[in-house]
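Notes for the structure review
Single-letter residue listing:
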Amino acid sequence: MAAPRTTAGNPPASQRSMLRSTTRASTTDDPSAEENAAVDSEIVPSSLASIAPILRVANEVEKQNDRVAYLCRFHAFEIVHRLDPHSNGRGVRQFKTYLLHRLQKEEVETQRKLARSDPREIQKFFQHFYQTEIRDGQNTKPPEEMAKVYQIATVLYDVLKTVVPIDGIDEETEEYAKEVEKKRQHYEPYNILPLKAVGVKPVIMELPEIKAAIRALQMGNPHERGMPQDKDKSFDVLDWLSSVFGFQKGNVENQREHLIFLLANIDVRKKKTENYVQLDSVTVRSLMDKIFKNYRSWCDYLHCEPNLLIPPGSDKQQLQLIYIGLYLLIWGEASNVRFMPECLCYIFHSMAGVVHGILFSNAPVNRGTYSTALYGEESFLHEVITPIYEVMRKEARRNKGGKASHSAWRNYDDLNEYFWSQKCFKLSWPMDPKADFFVNSSEIKVSDARRNQVTTGKRKPKTNFVEVRTFLHLYSSFDRLWIFFILAFQAMVIVAWSGSLTNLFNEDVSRHVLSIFITSAFLNFLRATLDIVLSWNAWRSLRFTQILRYLLKFAVAAFWLVVLPMAYFKSVLNPTGLVKFFSQWIGDWQNQSFYNYCVAIYFIPNILASLLFFFPHLRRSMERSNWRIVILMMWWAQPKLYVGRGMHEGMFSLLKYTLFWILLLISKLAFSYFVEILPLVKPTKAIMGIRVTSYEWHEFFPYATHNIGVVIAIWAPIVLVYFMDTQIWYAIYSTIFGGIRGAFSHLGEIRTLGMLRSRFDSVHLAFTERLVPSTEDERKAHHTQGDLSDRRNIAKFSLMWNEFIFSMRMEDLISDRERDLMLLPSSSSGVTVVQWPPFLLASKIPIALDMAKDFKGKEDADLFKKIKSDEYMYSAVIECYETLRDILHSLLKDPRDKQIVEEICSQVENSIQHKRFLIEFRMSEMPLLSDKLEKFLINLVEEEEDAALYKSQIINVLQDIIEIIIQDVMLNGHAILQSVHPHIPDDQNEKKEQRFEKINVDLRQYRYWKEKVRRLQLLWTEKESAINVPINLDARRRITFFTNSLFMNMPKAPKVRDMLSFSVLTPYFNEDVLYSEEEFRRENEDGITTLFYLQKIYPEEWDNFDKRINSPEYQYHTNKYKMELLRQWVSYRGQTLSRTVRGMMYYRQALELQHFLDSDEDSAILRGYRTIDTQNMANKTILEQAKALADLKFTYVVSCQIYGAQKKSSDPRDRSCYANILNLMLTYPSLRVAYIDVREETDDGKSEKVYYSVLLKGGDKYDEEIYRIKLPGRPTDIGEGKPENQNHAIIFTRGEALQSIDMNQDNYLEEAFKMRNVLEELLKSHHGQRRPTILGLREHIFTGSVSSLAWFMSNQETSFVTIGQRMLANPLRVRFHYGHPDIFDRIFHITRGGISKASRIINLSEDIFSGINSTLRGGYVTHHEYIQVGKGRDVGMNQISLFEAKVANGNGEQTLSRDVCRLGRRFDFYRMLSFYFTTVGFYFSSMVTVLTAYVFLYGHVYLVLSGLERRILEDPTIRQSKALEEALATQSIYQLGLLLVLPMVMEIGLEKGFRTALADFVIMQLQLASVFFTFQLGTKAHYYGRTILHGGSKYRATGRGFVVFHAKYADNYRMYSRSHFVKGLELAILLVVYEVYGHSYRSSSLYLFVTFSMWFLVFSWLFAPFIFNPSGFDWQKTVDDWTDWRRWMGNRGGIGISQDKSWESWWDGEQEHLKFTNIRGRVFEIILACRFFIFQYGIVYHLDISHGNKDILVYGLSWVVMAIVLVVLKLVSMGRRRFGTDFQLMFRILKALLCLGFVSVMTVLFVVCGLTVRDLFAALLAFLPTGWAFLLIGQACRPCLKSMRAGMWDSVMELGRAYEFVMGLIIFMPIVVLSWFPFVSEFQTRLLFNQAFSRGLQISMILAGKKDKSPPPST
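Residues numbered from 1 in each chain as written. Predicted model: local features only at pLDDT ≥ 70, side-chain atom pairs only at ≥ 80, totals over all residues. Heavy atoms only, no water.

1. A few points about the overall build of the protein chain
The cut-off we apply is this: A helix here means a DSSP run of H or I that spans at least four residues, while a strand means a run of E at least two residues long, and both kinds are numbered starting from the N terminus. For every residue, the accessible area obtained with a 1.4 Å probe (protein chains only) is divided by the maximum for its type, and the residue is called buried under 20%, exposed over 50%, and partly exposed between those limits. Here, residues are in contact when the closest pair of their heavy atoms is within 4.5 Å. Note on areas: these come from Shrake-Rupley sampling with a 1.4 Å probe, and a residue is covered only by the protein chains present in the view.
Along the protein chain, the regular secondary structure elements total 88 helices and ten strands. Within the protein chain, the fraction of its 1915 residues that count as buried is 58%. Restricting the contact set of the protein chain to residue pairs at least 6 apart, pairs at least 24 apart contribute 79%. Accessible area for the protein chain stands at about 79,400 Å²; split by element, carbon and sulfur atoms hold 59% of it.

Structure representation (structure tokens):
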């Protein structure tokens, strides 16, 4: 770090001035505004990162000595100039200029304080700094502070050496410097454990488990071969491994702490004692088993011996730790290779063999490994990881940014599966760079490679699987499902055709039913063919046995495809019925037909599979076996793959989901048979028997029999519904079963405050049972201790409950008054009854007083009976009496006054005991006494600055109270005074004093006393019913859910010390962190600020916040601090990182409190948590231990990928994000931030970018770097951004569990209390030794109150994360990972590829793939609903649509993936059904639903235009049948979106009551929820289908803002044109054509309903975006939208013009999927486009001008007309382009001639040819679709058209512009009409924001911009 010293020492001041002059000349003098001096160290360019510590030191010492700070900066400047003299680095010139200006200024302004010269000045400062900060502080300061001090001292000495000549440094300074150099290694920055620190050590280092783990890692034997010896430094196993293999220092330090944490946490759970020194051998073995379970399985799979060799007589534990450390070091430095777990297994396998050779074979250190001399500590990175990374990067370039086909490049899975075969050992070790794995086809040299350059040349084959873009993957992956449904459909049609179900036993019918086996043979042949075709690109990577299996499968399928049909037709002569077949099989088997024998043989594999189905344990064992004989037996049944083996569930789980699906399939098949198929059979027979001879168009096949076209048109929609309606049945059954399971789980038992009040007396018991750890001995002691144990448990509950209430107050969900009403006493008191929260006892005392006053009876028992009938009233009365007695006793100083009070109490108690209370006390005077007591308590509570006045007020009221009691209430009160004062005293002073004047007013200084008085005041005076407290709905929800969850089934909580350790990981990119004042005060287009909006959305919370910051507690805080609180208040109501961090840090707060409760200090617990005396040594120790254990058990890492770029950015938003993230680190010291740092480093004179994973924590003022690990390259170049962001940071997490949290989530303190419980689920065994690997948690959607759309999404998401995932987990056993906040078994997943998959595009939905990967690798996923985490969702229409599009894209990619294929094939049949219908099947069913509408309408348009419908329906037998309409009703239900509402209603009913559920359902329908869900149905179908056909998947940023704004018409048009508008208009045209040319079914209400559902679909798709668009029907905005849309339509496109600026740019972008699709996709698009030609063909024969002529020439003439129109349009276009500017007159003449020609032609047609006005409209319906077909075909053939010189592509584009304009105009016109009426806009506002209105939102004022300027809180 120190600058090199010149030969003559350091130059004097004059020479330094010359040096400065020289440096100035080499820089560009570009003065700019100076930045804050405190941040110059944070804006250092990446190539100059080495000077950042120097500048930080300058900032640190500036206040002490600004001259020394100047010298430090000057030293930094000289280093900068030496490193980059020509300022070539990025940002170097600007930084040098800035620093130079600052130095010029400081040279003049700074003065020396300690000496007359700079050399003497800095020496004296260095000596003073050492003496005060190091020598005096090393035994008192904590390690983190000493680390900073030593860093400053080191930098100061480096600067000193450049300022002071060599001979000028005195001996004292040299001595101090040597001491700093010697000890600074002990005070390097650390993460959690200061492992090298000496002196004062934090409590965590004194924990016995930490000490034992550290001791176990030390090298205790003489085998440290090649290890440098240093007697002052101790080496452990990780240091030794680093010296052998060259691991990076940051990686070694990181994994050392990681391993220590793992060992300590596992070990402490296995020890009963708290003090020990030795690590348990079981601990190391347990950790080793978990880490190497996958490695051992991999070795067994490849039939090689694991290199975990432990020779006899060796130190077994240390060898095990060496192997564990080696694996963790490999994993910690593997970067992107971490996504390839078997590649890591290979690397470890090779390196473990080297370790064993070094230790036990007398081999040199470098034998069998690479040399570490060249790269030093980066040897492993350069020699092992970088070559593999380069292979991945070259393959990723083939991806072409996500545009290339998946089959054209190898992703993570392909590369990892290379290591599933023994040929991976051909890589040898050290790895041979010439091995097949590394030899890539790219010929691009590394020096010439650019980041986005595409790799060319012959590519390597895919491995085991090829992701081909085709819907056939659905059949290939789920062939058993399709075979089952197809065969069932065939059988049902055959039986239905026979007339009755009973005919199944008829010989002919059963013979025909047996034909399903021929169909099965064909379907199996199709599957075998697809296996070959779809995997063709992977054949070169397959083993011979795999290829042989494919070919044999194909051959056998072909054999049966030939044999079974031949046998069947032969058996026609020998028919056998089903009954006869089975009855005579044994007795007459020789006479059976050949076909029956074939079927029996054909069915043998299925019979064997069915038998194994009932023995899942056997099947699981066989599939997982690596015995060669078993592999040979299973070879035919399954391909040999490493994953997906033995995923079969236990017998009980199997029976549960099998029963579920059997019931469902019975219902579905019965419905399909009786409702869909059977009613159509009779009409179909009749139609096939009708002879049609005349048609209304030119029929190409007039003599075709049986009217096959009609049959297809009628049956096609039914067939589609048949394959789709299982999804409906699944929704019904999952709703029913999920509701039943939820009820049995005790969900919703406490859903209102009334229910809470009725069960609150048992809440503390449930809390003790669930959340208070206890051993068996403690539970026995509980019964013996009795009341003391109960009081301790109640005290623990009160502490937890009060912290919960305080957290809600700090979140402003409740007011101060509500907080006081809900708090429990925080300290122990002498009250003999349970002290319930005041909100339960509110109004009980006033009611009791009224009862006593109005009581007419004479018996005490009657009055007390009435009071005791209400338990809470009785408790309130007793507590008030005893508390008042105690308050008076403590308040009074005079013993005689106390005696009077005691006498009064004694008489009260005696009268009650002798049942004379009503006789000796007047109840009628109680109101007067109550008023005085109320005043007395108010005076006690009030804060009065004048002590004398305060005292006098209390004395006056107290005297009144005693007087009323003695004289008015008590019948014999004077006797008390006489007994206390029997004589008159002689003392004159005493004569003057009055009773009750001596009081102790100093008691108000004690918190416990004030709380007691405040509680008594609330009990005495509060008259409001408890049902209204709290008012805030979210506070009510949290209280009821938390108390309800205590009664649910959950594991018992362990002590904090014994719990599983865990981490939380949050990926962050550049979302909002904390809103600035400018952001939340900025007005939108309606003049509304975010602050005002939130004030109206959350009125109670705003009021609570305003009162909080204006309370006396904040009166001395600055305005800046209050503004910071306001920023937090706004940000905590959005989806910001600060909200997420605050929520996650509740875990730490909860752990600290829970450790306090776990302590055995009953006195501390009974005194309270907030009142604990921190000066007491024992209490201080408890709190320090709590913090230490919180550090040990909990780690929070936020992966801020571009934090480094934000830090150096000049963009204000980036700088704000950096400052806010830094502030979070400073606010939460245990928060860690990981980011990818980019530095420019020079190698051989060439600058190149180098990437690092860096971990930071908050320091004193700045971030502090802890670990820095170099990466082989940019991680995000390989895979998807989010999983890569998680992957680079996961190495910094700790613990055995990992919770993945997105940055739009929140957490709650009361839920954090249950984290210990849910982590115990990871230790619960399921089905033998199987433990969960992912714990699913429920979410609460906190964005549901913004608008009706947000409410819809909130309900939909809530139903999915509750009832949906409840069913997926149990009984269906197909729950995966659907996002956050699931908890992972961390060790399981880091050894199996991580918590997500990252292959580009295919793993777009990275979350679900982690769950699938876990399942494929033997994992177990559960779901738990007793704990929840907050979640934000999209709230606007466009945001929601982008989210749905992203999910649909992801599901499209899933359909093509190998993971889904393997699950579909490896699951048993019923579990496969569950998997299909809950993942890709749901989206395929959505697409089929839309397709059904198309097929239905096109089929009936065909019938209408051809005239077949009229001819057939004139037949009497058909006219009387209604079956054709009835069979189509089922699809309309799904289409209307009712399917999605069903689970919502059940879950709302379960958790809020069915009356609320019914009301919500009605409100949702009134708010057009069906329109919304139908619209989103189109979104799912469009993007899912397009993804499979053409690709184009990408991450779609939805935005997380909460202000709902008006979207312009052009924005909506761009977003929904292709997905909804085009399709909606097409369906509308179909409906119009059908209505115009068809006159049938007009009298059938049911059929009209089906047609109505089609119109509803059209309406939803065309107008939903405008209905749910705020101010969508405001006239002024409509005018502005039209202007904006026309401008957008007219603007020309070009390079660099964004899509929102020009229609041409957008139109070009909309075809992006066609630019990169394959030839198959283009052909498919052309075929689909041909459907539009049916309009022209059919309608031209119905024109009046055709005069009924059915000749083909009529159709030919129509094409002549079409051609003429297109030629004319082309001429006009060419004329405008050529003559429009220079030859205006000629162009006008041309247009006039064309106009005259058009008029002439039309006149002739009308007069001569019989053209009618109706024909003109009909022609539009005929020719507009044809033009659209041309347009679609032109887009598909774009490469060909653009190569033509005739400007064909320009013509296509202009045609497209014309169509877009017409479509836009058609959609816009209804909006214009509705905007004319003001009430429409008002109605829409109420419709859209009804939920917000119910919360007090004045949305009408907001949208009108008439806001009242509500001032912000006093700041």
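2. Some words on the sheet that holds strand β7 (residues 1305-1306)
Hydrogen bonds between backbone atoms are what pair the strands of a sheet, whose relative direction is either parallel or antiparallel. Stated formally: Pairing between strands requires that DSSP locate at least two bridges from one strand to the other.
Reading across the sheet, the ten strands line up as β5-β4-β3-β2-β1-β6-β9-β8-β10-β7 and stay open at both edges, with mixed pairing between neighbours. Where the open sheet ends on each side, the last strands, each with one partner, are β5 (1263-1270) and β7. For strand β8 (residues 1334-1341) and strand β10 (residues 1421-1431), the ladder comprises eight bridges, and the chain directions are parallel. Across the sheet, residue E1339 finds its bridge partner in β10, namely V1429.

3. Describing the pattern of salt bridges
Threshold: Salt bridges are identified by distance alone: a Lys or Arg side-chain nitrogen within 4 Å of an Asp or Glu carboxyl oxygen.
In total, this model carries 104 salt bridges according to the counting rule given. We note a salt bridge from D1263 to R56, for which the minimum N-O separation is 2.6 Å. Taken together, the residues D1263 in strand β5 and R56 in helix α2 (residues 52-61) connect sequence positions 1207 residues apart. Each member of the pair, D1263 together with R56, is buried. A salt bridge links K196 to E253; the shortest N-O distance between them is 3.6 Å. Here E253 lies in helix α10 (residues 249-269) and K196 lies in the loop between α7 (171-183) and α8 (208-217), a separation of 57 residues in the sequence. Taking relative accessible area as the criterion, E253 reaches 15% and is therefore assigned buried. If you follow the salt bridges from partner to partner, you end up with R809, D812, D816, R819, D820, R1014 and R1108 in one network.

4. Here we look at the side chain of Q1365
Which entries qualify depends on this criterion: As used in this structure description, the phrase polar contact means that two N or O atoms lie within 3.5 Å; if the pair is within protein, one of them must be able to donate a hydrogen and the other to accept it, and residues adjacent in sequence are counted only when both atoms belong to side chains.
Examined against the element boundaries, Q1365 turns out to sit in helix α60 (residues 1348-1369). Polar contacts involving the side chain of Q1365 include one to the side chain of R1375, which spans 2.3 Å. Apart from residues lying up to four places away in sequence, Q1365 is in contact with F1360, R1375, Y1378 and H1423.

5. Focus on empty space enclosed by the protein
Over the atoms, a rolling probe the size of a water molecule traces out where space has been left empty. We count it as follows: The way it works is a 1 Å grid over only the protein atoms, where trapped points that fit a 1.4 Å probe form a cavity and open points with protein on both sides within 12 Å along at least five of seven lines form a pocket, and then any residue with an atom within 4 Å of a point lines it. Grid points are joined across faces, edges and corners, and a volume is the space filled by probe spheres set on the points. Under the scheme applied here, ten amino acids are nonpolar (Ala, Val, Leu, Ile, Met, Phe, Trp, Tyr, Cys and Pro), four are charged (Asp, Glu, Lys and Arg), and all others, including Gly, are polar.
Applying the stated criterion across every chain, the model contains 18 cavities of 30 Å³ or more. The space that makes up the largest cavity amounts to roughly 180 Å³. In terms of lining residues, the largest cavity is bounded by 22 residues, among which F339, D413, K1397, N1413 and R1417 are the most central. Broken down by secondary-structure element, the contributors of at least two residues to the lining of the largest cavity are α16 (412-417), α62 (1406-1416) and α64 (1458-1466). For the lining of the largest cavity, the leading source of residues is α16, giving four residues. When the residues that make up the lining of the largest cavity are grouped by side-chain class, the tally is seven nonpolar, eight polar and seven charged.

6. Some thoughts on the confidence of the model for the protein chain
Definition in use: Per residue, pLDDT captures the predictor's confidence, and it can take any value from 0 to 100.
Of the residues in the protein chain, 87% have a pLDDT of 70 or more, and the chain-wide mean is 83. Counting interchain partners and residues more than four positions distant, the pLDDT-below-50 stretch residues 442-452 has 14 contacts. Across residues 986-992 the pLDDT falls below 50, and counting only partners more than four positions away or on other chains, this stretch makes five contacts in the model.

7. Some details on the environment of F489
Relative to the helices and strands, F489 resides in helix α18 (residues 479-498). Accessibility expressed as a relative area gives 14% for F489, which makes it buried. Counting along the chain gives 230 residues from F489 to V719, while the straight-line C-alpha distance between them is 8.7 Å. For F489, the residues in contact, after removing those within four places along its chain, are I677, W715, V719 and Y722.

8. Points about the state of the cysteines
This is how the line gets drawn: For this text, the term disulfide refers to a pair of cysteine sulfurs within 2.5 Å.
Tallied over the full model, the rule gives zero disulfides. The thiol sulfur of C424 is not disulfide-bonded, and the nearest other cysteine sulfur, from C304, lies at 7.8 Å.

9. Focus: helix α13 (residues 316-333)
To be explicit about the condition: A helix is expected to reach a length of 1.5 Å times the quantity of its residues less one.
For α13, with 18 residues, the first-to-last C-alpha span of 26 Å sits near the 26 Å given by 1.5 Å per residue. Counting buried positions over the 18 residues of α13 gives 17, a clear majority of the element. Just beyond α13, the residue with positive phi is S335, at close to 55°.

10. Considerations on the environment of S87
By the secondary structure assignment, S87 is in the loop between α3 (66-83) and α4 (92-109). Look at S87 and you get buried, because its relative accessible area is 7%. Setting aside chain neighbours within four positions, we find S87 in contact with V92, R93 and K96.

11. A few points about the packing of helix α38 (residues 871-891) against helix α45 (residues 1007-1021)
Formally: Note on geometry: axes are lines fitted to C-alpha atoms, helical ones only across the stretch in contact, with angles between N-to-C directions running from 0 to 180 degrees. The cut-offs work like this: below 35 degrees is roughly parallel, past 145 is roughly antiparallel, 65 to 115 is roughly perpendicular, and the gaps in between are oblique. Crossings are sorted by hand: turned counterclockwise from the far helix by less than a right angle, the near helix makes the crossing left-handed, and turned clockwise it makes it right-handed.
One way to put it is that α38 packs onto α45 with a least axis distance of 10 Å and a crossing angle of 140°. Relative to α45, the element α38 lies oblique. As for how α38 packs across α45, the hand of that crossing is left-handed. Where α38 approaches α45, its residues E879, C880, T883, L884, D886, I887, S890 and L891 are matched on the opposing element by W1009, K1012, V1013, R1015, L1016, L1019 and W1020. For the contact of α38 with α45, the residue count by class is nine nonpolar, two polar and four charged.

12. A few points about the pairing of strand β1 (residues 1062-1068)
Counted residue by residue, β1 has seven buried out of seven residues, so it is predominantly covered. By the alternation rule, side chains of β1 split into F1062, V1064, T1066 and Y1068 and S1063, L1065 and P1067, which are all buried. Looking at chain direction, β1 and strand β2 (residues 1194-1200) are connected through seven bridges and run parallel. Considered in β2, the bridge of S1063 is made with T1195. Here β1 runs beside strand β6 (residues 1297-1300); their pairing, made up of four bridges, is parallel. Residue pairing in the sheet places F1062 in a bridge with A1297 of β6.

13. Some words on the pairing of β6
Judged by which residues are buried, β6 turns out to be covered on both faces: A1297 and Q1299 on one side and L1298 and S1300 on the other are all buried. The sheet contact formed by β6 and strand β9 (residues 1383-1385) spans three bridges and is antiparallel. What sits directly across from A1297, in β9, is D1385.

14. Some points on the packing of α18 against helix α20 (residues 516-534)
Packing of α18 against α20 brings their axes to within 10 Å, and their N-to-C directions diverge by 155°. As summarised for this structure, α18 and α20 are arranged roughly antiparallel, according to the angle between their axes. Once α18 is placed against α20, the crossing between them reads as right-handed. Across the interface between the two elements, D479, I483, I486, L487, Q490 and A491 of α18 pack against I516, T519, S520, L523, N524 and R527 of α20. Residues that form the contact of α18 with α20 fall into these classes: six nonpolar, four polar and two charged.

15. Remarks on the packing of aromatic side chains
Note the threshold: Only the six-membered ring of Trp is used, alongside the rings of Phe and Tyr, when aromatic pairs are assigned; centres must lie within 6.5 Å, and planes under 30 degrees apart are stacked while those over 60 apart are edge-to-face, with the rest tilted.
A full pass over the atoms with the stated rule returns 121 aromatic pairs. Taking the centre distance of 6.2 Å and the plane angle of 90° together, the rings of F485 and Y722 count as edge-to-face. With F485 in helix α18 and Y722 in helix α28 (residues 708-724), this residue pair connects regions lying 237 residues apart in the sequence. Look at Y722 and you get buried, because its relative accessible area is 0%. For the ring pair W1703 and W1707, a centre distance of 5.4 Å and an interplane angle of 20° mean the geometry is stacked. Linking W1703 with W1707, this pair stays in helix α77 (residues 1703-1710), spanning four residues, or about one helical turn.

16. Some words on the side chain of K1446
The test is simple: Only four residue types enter the charge count: Lys and Arg as positive, Asp and Glu as negative, with His and the chain ends excluded.
If you trace the backbone, K1446 turns up in helix α63 (residues 1437-1456). Buried charge without a partner: K1446 forms no salt bridge, and the closest opposite charge is D1434, 6.5 Å away. Not counting residues up to four positions away in its chain, the partners in contact with K1446 are L1404, Y1595 and R1596.

17. Details of a nonpolar patch on the surface
Rule in force here: The patch calculation keeps residues exceeding 30% relative accessible area without a salt bridge and links them within 9 Å when they carry like charges or within 5 Å when they are nonpolar (Val, Leu, Ile, Met, Phe, Trp, Tyr).
Judged by side-chain polarity, V1804, F1806, V1807, V1808, V1813, L1816, F1817, L1820 and L1824 come together as a nonpolar surface patch covering roughly 850 Å² of accessible area. At the level of secondary structure, the elements contributing two or more residues to the nonpolar patch comprise α82 (1784-1809) and α83 (1813-1836). Per element, the largest residue contribution to the nonpolar patch is five residues, and it comes from α83. Locating L1824 in the fold gives a position in helix α83.

18. Considerations on unusual backbone geometry
Cis geometry is adopted by the peptide bond preceding P1030, which originates at V1029 and carries an omega value of 0°. Take P1030: it is sitting in the loop between α45 and α46 (1033-1045). Note that the residue after N1370, namely P1371, is joined by a cis bond; omega there is 20°. The backbone phi angle of N464 is positive, close to 70°, even though this residue is not glycine. If you trace the backbone, N464 turns up in the loop between α16 and α17 (472-477). A relative accessible area of 13% places N464 in the buried class. For S1671, which is not glycine, the phi dihedral falls at a positive 60°. Within the element layout of this structure, S1671 appears in the loop between α75 (1645-1667) and α76 (1675-1690).

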